[in-house]
Amino acid sequence: MAKGYWVSVYPADTDLERLTAYEKLAGPAVRAGGGRVLSRGGRVVAHEAGITQRVVLIEFDGFEQAVAAYESEAYRKALVALPEGFERDFRIIEGVD
């Protein structure tokens, strides 16, 4: 079975301190859904058209599990805690089997 991934890219001007309430709820929700954080805003070297924005990568054992974790009640509560007007590029992708 192909793994599932959450990929979040945050604009360079994001005030990460505003995410405290979200992170307190999102971390436990991700772990409860079977997610494992692989990268959380570490160093980035951008090539070609790349942009050095903060990237968070979370792995799940399957694509359906990744979707279910996003749709879970626990994660929905975390989403409500995102600051008003907050912007990020978020997607769920299927890995190669």
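The present account deals with the structure reproduced in this document. (Residues numbered from 1 in each chain as written. Predicted model: local features only at pLDDT ≥ 70, side-chain atom pairs only at ≥ 80, totals over all residues. Heavy atoms only, no water.)

1. Some words on the packing of aromatic side chains
Within the structure shown, the criterion is met by 8 aromatic pairs. Pairing Tyr-22 with Tyr-75 gives two aromatic rings, centres 6.1 Å apart and planes at 80°, and the pair type is edge-to-face. Here the residue Tyr-22 occupies a position in helix H1 (residues 20–32), and Tyr-75 occupies one in helix H3 (residues 73–80), the gap between them amounting to 53 residues. On the accessibility criterion, Tyr-22 (7% relative accessible area) is buried. Here the aromatic cluster, defined as three or more aromatic residues joined through ring pairs, consists of Trp-6, Tyr-22, Phe-60, Tyr-70, Tyr-75 and Phe-90. Stacked on the ring of Tyr-10, the Lys or Arg Arg-54 has its end atom at 5.3 Å from the ring centre. (Phe/Tyr/Trp six-rings, centres within 6.5 Å; stacked < 30°, edge-to-face > 60°. Helix = DSSP H or I, 4+ residues; strand = E, 2+ residues; numbered from the N terminus. Buried < 20%, exposed > 50% of the residue type's maximum accessible area, 1.4 Å probe, protein only. Lys NZ or Arg CZ within 6 Å of the ring centre and 35° of its normal.)

Nothing here speaks to function; it is all geometry.
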